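Spelled out, the chains give:
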Amino acid sequence: MANDKYQPKPDDRSDNVEKLQEMIHNTIDNMEEAEETMEFSDGEQRENISRKNEKRRQSLEGMREELKDEAAAQDNQYE
């Protein structure tokens, strides 16, 4: 009976697709804002923004792959 208290919660992936879509949208917005900021930045700031946006691009690739996986898992759940 004592172990019931420590049971993990069931994995609820029902909204992962929506969460990932929102994360992708926010990341793209941040990249666009950073690009606009670059127009008014000096050399070092531009480099920092450029590096950060490259990391964002890499993150986007991963999020998009995860989104595909989650969408496929969701489709399989409803079949």
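Residues numbered from 1 in each chain as written. Predicted model: local features only at pLDDT ≥ 70, side-chain atom pairs only at ≥ 80, totals over all residues. Heavy atoms only, no water.

S.K.: I'd like a rundown of the overall build of the protein, residues and numbers included.
M.R.: Along its length, the protein carries 2 helices and 0 strands. Taking 2.2 N^0.38 as the reference for a compact globule, 79 residues should give roughly 12 Å; the C-alpha atoms of the protein span a radius of gyration of 19 Å, well beyond that estimate. Referenced to the eigenvectors of the C-alpha coordinate spread, the extents of the protein come out at roughly 65 × 35 × 15 Å. Considering only intrachain contacts with a sequence separation of at least 6, the fraction spanning at least 24 residues in the protein is 70%. Surface accessibility of the protein: about 6,700 Å² in total, with carbon and sulfur atoms responsible for 46%. The protein carries 12 positive and 23 negative side-chain charges, and their two centres are separated by 5 Å. (Helix = DSSP H or I, 4+ residues; strand = E, 2+ residues; numbered from the N terminus. Rg over C-alpha atoms; globule rule 2.2 N^0.38 Å. Contact = heavy atoms within 4.5 Å. Areas by Shrake-Rupley, 256 points an atom, 1.4 Å probe, with all protein chains shown as cover. Lys, Arg positive; Asp, Glu negative; His and termini not counted. Charge placed at Lys NZ, Arg CZ, Asp CG, Glu CD.)

S.K.: Can you lay out the nonpolar core for me, pointing to particular residues and giving the numbers?
M.R.: Listed in full, the 7 residues of the largest apolar core are V17, L20, I24, M31, L60, M63 and L67. Of all elements in the fold, only helix 1 (16-38) and helix 2 (43-77) reach the threshold of two or more residues within this core. The biggest single contributor to this core is helix 1, with 4 residues. Once you skip the residues sitting within four places of it in the chain, M31 turns out to touch N53, R56, R57 and L60. (Core = buried A, V, L, I, M, F, W, Y, C linked by side-chain atoms within 4.5 Å. Buried < 20%, exposed > 50% of the residue type's maximum accessible area, 1.4 Å probe, protein only.)

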